[in-house]
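Tertiary structure, described
If you want the building blocks of each chain, they are given just below.
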Amino acid sequence: MKISKNMSILNKVRTSNVLKNSGWIICGKIVQMMIAFIVGVITTRYLGPSNYGMINTAHAYTSLFLPICLLGFSGVFAKVVRDHPGEDGKYLGSGLAVRAAGSLIAILLISFIVWILNPEDGTFRIVCFIYSFTLVFQVFDLFDYWYQSRYESKYASVISVIGYALSSFYKVILLITGKSVVWFAFANVLDYAVIAFIYMTYTVKKNHIRLSISRKAVSSMLGISKHLILSNLMIVLYGQMDKIMLEKMLSASAVGLYSCAFSICTMWTFVLSAIINSMRPDIMDLYHTDKDAYQKRIIQLYSLVFWLSVGISAICYFGAEKILIILYGEEYRDAVGCLRIITWYAGFSYLGIARNIWTVCEGKQRYEKYFASAGFLTNFILNILLIPSYGIEGAAIASLLTQIVTNIITPWIIGETRVNTVLILYSLNPVHLLRMIGFKK
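About the criteria used
- Residues numbered from 1 in each chain as written.
- Predicted model: local features only at pLDDT ≥ 70, side-chain atom pairs only at ≥ 80, totals over all residues.
- Heavy atoms only, no water.
- Helix = DSSP H or I, 4+ residues; strand = E, 2+ residues; numbered from the N terminus.
- Buried < 20%, exposed > 50% of the residue type's maximum accessible area, 1.4 Å probe, protein only.
- Contact = heavy atoms within 4.5 Å.
- Patch = residues over 30% accessible without salt bridge, like charges linked within 9 Å, V, L, I, M, F, W, Y side chains within 5 Å.
- Areas by Shrake-Rupley, 256 points an atom, 1.4 Å probe, with all protein chains shown as cover.
- Salt bridge = Lys/Arg side-chain N within 4 Å of Asp/Glu carboxyl O.
- Core = buried A, V, L, I, M, F, W, Y, C linked by side-chain atoms within 4.5 Å.
- Expected span 1.5 Å × (residues − 1).
- Bend = angle between axes of the 7 residues up to and from the residue.
- Axes fitted to C-alpha atoms, helices over the stretch in contact; angles between N-to-C directions.
- Parallel < 35°, antiparallel > 145°, perpendicular 65-115°, else oblique.
- Left-handed = near helix turned anticlockwise from the far one by under 90°.
- Nonpolar A, V, L, I, M, F, W, Y, C, P; charged D, E, K, R; others polar.

Regarding its fold elements, the protein chain presents 18 helices and zero strands. The 441 residues of the protein chain split such that 54% are buried. Pairs at least 24 apart in sequence give 84% of the contacts found in the protein chain among residues at least 6 apart.

Structure (C-alpha cells):
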C-alpha cells in the first residue's frame, strides 16, 4: 500500500515536471510564433513567390546536409547525459567539435553542388552560400537537449526567443530599407548565431561546464545514434526533395507557393515538438522503472499528437482560401489546393518523430533507416509521377502519402517494430487523450 502511494506521488511529480517543461517550451515558441507571424507575413509578401521560393530552395539544399552534420546526436543526447552523470562537459564538447567540423565541410560541398547545378544564377549561388552557414550554428542545439534532460527548458526557450527576436528585428530593417533577397538569407544565419553565442557564454559560465573533447564520448554517442544518421538523412531527402524537384521541373515561384502552404500547416507544430521533447526524459526514465506506465505514456503521447493535429488540420482545410488571401494576398491564391492537402501532413509526420523515443528506449534505432528509406523511395517515385500532371498539389499528395508509408505502413511490415504501429492504432481511441488531460478516469 505504501509502495503504491509512493508510486502515485512519483507519477504526479513526473507529470508536473513534464507540464512545467513543456509549458516553458510552448510559451517560448508562442512568442516566436507571434513574431514570425507578423514579420513572416510581411516578408513573404515583400519577396513574392519567386524570391521566397529561392530562399526555400536554399533551405532545401542546406537541409540535405544537416543530418550528416548533426550525426543523430539530438535524438539520443538526453539519454546519454542522463546515463553518464557528471560528464556533461565531455559529451557537450565532443559533440560540438565533431558536428562543427562536419558543418564546415558541408558548406564547401553545398557551394560546389549549387555551382554545378546552377552555373548561370549568381544570385541563387550567393543565397545558398550564405544560408549554408546556418549549419555551423545549428550544431549548438545540443544545449537545448541538455536542458531538456534536466527539465530546465525555460532557459533554452528564453535564449531561443532572444535569438529569434534579433533576427526578426534585422528583417524589419531590411524591409524598411528595401534590401534584396541576398540580405534576407543572412537573417536565418543570424538567428542561429545569436542562440549559439548565448549558449556558449551564458549557459557554460552559469553552470560551470568545462567543455572537453573525448574520443570515448564521441564513440559512445555514435554507437547509439549511428542508425539515426542514415534515417535522418533519408527523412530530410524526402522532406526537401519536393522543393528541389519543383524548382527543376516547374519554377522558383512554384516552390514559393508550395512553401507558403507548407509553412501555414506547420507553423503551429512547435506545440507538438514541445510536447514530444518534454515527455522524452519522463518516458525514458519510466522504461527502466515501470514498463506498464512507460507503455501507457507512449500511447498518451501518440494520442495527443494525432488528435491535436487532426483538429488544427481541419481548421486549415476549411479555411484554406481565407487564410492564404488574408495573410499573403492574391499573389498566393494558387496555393489553396496545396494547403488543403498538405495540412494533413503534420499529424503523421510527428507520429514518426514521437516514435523516435520508442526506438531509442527499445534499442531498435537500426530500423529507422528502413522507415526513412521507404519514405525516400515513395516520395521520389510519387513526385516524378504527380508533379508533371498536378504541379504543387501533386507534390503535396506525394508528401502526405510518404508520411503514411514511413510512419504507419513500413513499421507494420517489419515484424520487430509492428508493436509500435499497434500502439499508434490503439492511441487513436480518444479515451486515452481524455484520460491524460483528466476528463475521464
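A cluster of nonpolar residues, Ile105, Leu109, Phe112, Ile113, Trp115, Ile116 and Leu117, forms a patch on the protein surface that exposes about 670 Å² of accessible area. Mapped onto the secondary structure, isoleucine 113 falls in helix α3 (residues 88-117). When its relative accessible area of 30% is taken as the criterion, isoleucine 113 is described as partly exposed.

In terms of nonpolar packing, the biggest core is built from 83 residues, with Phe77, Tyr258 and Ile342 touching the most fellow members. Dropping the residues within four chain positions of it, tyrosine 258 is found in contact with Asp242, Lys243, Leu246, Cys338, Ile342, Ile392, Ala395, Ala396 and Ser399. Residues Trp268, Met279, Leu304 and Ala354 belong to the second largest nonpolar core, which totals 31 residues.

What follows deals with helix α11 (residues 270-289). Helical geometry: 3.6 residues make up each α-helical turn, so side chains three or four residues apart lie on a common side. The terminal C-alpha atoms of α11, which comprises 20 residues, lie 29 Å apart, in line with the 28 Å expected from a rise of 1.5 Å per residue. When the local axis directions of α11 are compared, the greatest deviation, roughly 35°, occurs at arginine 280, which is followed within four positions by the proline proline 281. Most of α11 is tucked away, with 16 of its 20 residues classed as buried.

Glancing now at the packing of α11 against helix α15 (residues 345-362). Relative to each other, α11 and α15 sit at 15°, their axes nearing to 10 Å. Between α11 and α15, the angle is such that the two are roughly parallel. The two elements α11 and α15 meet at a crossing, and its hand is right-handed. On the side of α11, the interface is formed by Leu272, Ser273, Ile276, Arg280, Ile283, Met284 and Tyr287, while α15 contributes Tyr350, Ile353, Ala354, Asn356, Ile357, Val360, Cys361 and Glu362. Of the residues in the contact of α11 with α15, the class split is 11 nonpolar, two polar and two charged.

The next subject is the packing of α15 against helix α17 (residues 418-427). Where α15 contacts α17, the two axes come as close as 12 Å, and the packing angle between them is 125°. With respect to each other, α15 and α17 are oriented oblique. Crossing handedness for the pair α15 and α17: right-handed. Taking contact as the criterion, the partners of Leu351, Arg355 and Trp358 in α15 are, on α17, Val419, Asn420, Leu423 and Ile424. Of the residues contributing to the contact of α15 with α17, the split by class is five nonpolar, one polar and one charged.

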